Amino acid sequence: MKRYFRSFKCGYCEKTFKGDSAGVWVMPRKDKRDTNAEDKFICPACMAKWYKKYEYKNMVYVPNNVFPRVDVTFNDGRVLGFDINTPRHESDVPDELWNKIDICVQKYREELYKKACIDVSVLDTWDENKMIATFGDGTKYELEFRYHAQNGLQYKPDDVKKLTQDQIQRINTWLRDNNITNYYIRG
């Protein structure tokens, strides 16, 4: 049995091409409300150019409280910032690139979780006073403390020296977020 494929006109180069068994690429119209506009059919040569335009060298997650984004450096030198909250169907970018952006964001969040203080337990008994801080990468720091009449809470200096300023800040943030303010570490 012989198959016949319809001829299409490319929306970019205006050349006529025939579809094949793999299908035909279609670029949807930008404005979905415009009923007079037509979807563009794209020939394989223009589709290859379009994919080549989105080959990238480097991808970096840029943390920002308002608009977190991923900056992508393409092979032709362009740098584009992709807002990770943008719906995919509203952008003219291949799905493969969006999948790589998602992987980049996931790796950043995993690294952030490893640095985060995920739990602090305080053991405050008559004979033993210590705080155990657990971080996302599994490390635990044990800090012994005692009560001092004039200065309030005092941690053992050797225990506090083991921590970096960033770790002390993360522990204090965890304590503040969980309303345990009387155990702050003053580093």
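Presented here is an overview of the structure given in this document. All of these numbers come straight from a predicted model, not from anything done at the bench.

### Quick notes on helix α2 (residues 95-115)
With 21 residues, α2 ought to run about 30 Å at 1.5 Å a step, and its terminal C-alpha atoms sit 31 Å apart, in line with that. Taken as a whole, α2 has its buried residues at Leu97, Trp98, Ile101, Cys104 and Val105. Down the axis of α2, the smallest arc covering the buried residues is 115 degrees, so these residues share one side. Tucked into the core, α2 has its buried residues touching β5 (56-62), β6 (69-74) and β7 (79-83).

### Observations concerning the packing of aromatic side chains
According to the stated counting rule, one finds nine aromatic pairs in the structure shown. Seen from their ring centres, Phe82 and Trp98 are 5.7 Å apart, and the 70 degrees between their planes marks the pair as edge-to-face. Placement of Phe82 in strand β7 and of Trp98 in helix α2 is noted, with a sequence separation of 16 residues between them. By relative accessible area, which is 8% here, Phe82 ends up buried. Judged by relative accessible area, which is 3%, Trp98 ranks as buried. Here a set of aromatic residues connected by ring pairs shows up, and it is made of Trp50, Tyr51, Tyr54 and Phe74. In this structure, Arg78 is placed above the aromatic ring of Tyr54, and the distance from its NZ or CZ to the ring centre is 5.8 Å. Lying over the aromatic face of Phe74, Arg78 brings its terminal NZ or CZ to 4.4 Å of the ring centre.

### Regarding helix α1 (residues 44-53)
Here α1 has its buried residues at Cys46, Met47 and Trp50. Within α1, the buried residues cover an arc of 100 degrees as seen down the axis, which keeps them to one side. For α1, exposure combined with an orientation more than 90 degrees from the buried face picks out Pro44, Lys49 and Lys52.

### Details of the environment of Gly11
Following the sequence through the fold, Gly11 ends up in the loop between β1 (7-9) and β2 (16-18). Sequence separation of Gly11 and Phe41 is 30 residues, and the distance between their C-alpha atoms is 5.6 Å. The residues contacting Gly11, other than those within four sequence positions of it, are Lys40 and Phe41.

### Comments concerning the nonpolar core
Side chains of a nonpolar character, in soluble globular proteins, are inclined to be buried together. The biggest cluster of nonpolar side chains holds 21 residues, and the ones touching the most others in it are Met59, Val70, Val72, Phe82, Leu97 and Ile101. Apart from the residues lying within four places of it in its own chain, the contact partners of Ile101 are Met59, Val70, Val72 and Phe82. Core analysis: the next-biggest nonpolar cluster, separate from the first, contains 17 residues, Cys117, Ala133, Phe135 and Val160 among them.

### Topic: unusual backbone geometry
Residue Glu14 is not a glycine yet carries a positive backbone phi of 65 degrees. For Glu14, a relative accessible area of 45% corresponds to the partly exposed category.

### Some thoughts on the pattern of salt bridges
Tallying each qualifying case throughout the model produces ten salt bridges. Here Lys156 ties to Glu144 by a salt bridge, and the two come within 3.9 Å at their closest N and O atoms. Taken together, the positions of Lys156 in the loop between β11 (152-155) and α3 (157-161) and Glu144 in strand β10 (residues 140-148) put the pair twelve residues apart, joining distant regions of the chain. With its nearest N and O atoms 3.7 Å apart, the salt bridge here joins Asp159 to Lys162. Classification of Asp159 by relative accessible area gives buried; the value is 9%. Three or more residues joined by partner-sharing salt bridges are found here, namely Glu128, Lys130 and Glu142.

### As for the sheet that holds β6
The three strands lie next to each other as β5-β6-β7, forming an open sheet whose pairing is antiparallel. This sheet does not close on itself; its edge strands, each paired only once, are β5 and β7. Across this sheet, the average inter-strand angle for adjacent strands is 20 degrees, counted without regard to direction. In the packing of α2 onto the sheet, contacts are made with β5, β6 and β7, and the angle to β5 comes to roughly 45 degrees.

Thresholds applied
- Counting restarts for each chain: residues are numbered from 1 in the order of the written sequence.
- Where local features are concerned, this predicted model is filtered to residues with pLDDT of at least 70; where side-chain atom pairs are given and counted, the filter is 80 or more; whole-chain, interface and lining totals use all residues.
- Side-chain numbers here rest on the full set of heavy atoms in the structure, without hydrogens or water.
- Each helix is a run of DSSP H or I of at least 4 residues and each strand a run of E of at least 2, with the numbering of both proceeding from the N terminus.
- Multiply 1.5 Å by the residue count of a helix minus one, and that product is the helix's expected span.
- Residue exposure (1.4 Å probe, protein chains only): buried if accessible area is under 20% of the type maximum, exposed if over 50%, otherwise partly exposed.
- The arc in question is traced by the directions running from the helix axis to the C-beta atoms.
- The contact criterion used is simple: two residues touch if any of their non-hydrogen atoms lie within 4.5 Å.
- Any pair of Phe, Tyr and Trp rings, taking the six-membered ring for Trp, is counted once the centres come within 6.5 Å. Such a pair is stacked with planes under 30 degrees apart, edge-to-face with planes over 60 apart, and tilted for the rest.
- Any Lys NZ or Arg CZ that is within 6 Å of a ring centre and within 35 degrees of that ring's normal is treated as a charge sitting over the ring.
- For our purposes a nonpolar core is just a set of buried Ala, Val, Leu, Ile, Met, Phe, Trp, Tyr and Cys residues, chained together by side-chain atoms within 4.5 Å.
- Any carboxyl oxygen of Asp or Glu that lies within 4 Å of a side-chain nitrogen of Lys or Arg is treated as forming a salt bridge with it.
- If DSSP finds at least two bridges between two strands, the strands pair.
- A fitted line through C-alpha atoms represents every axis, and for helices the fit uses only the stretch in contact; the resulting angles, taken between N-to-C directions, go from 0 to 180 degrees.

Function cannot be inferred from these measures alone, as they are strictly geometric.
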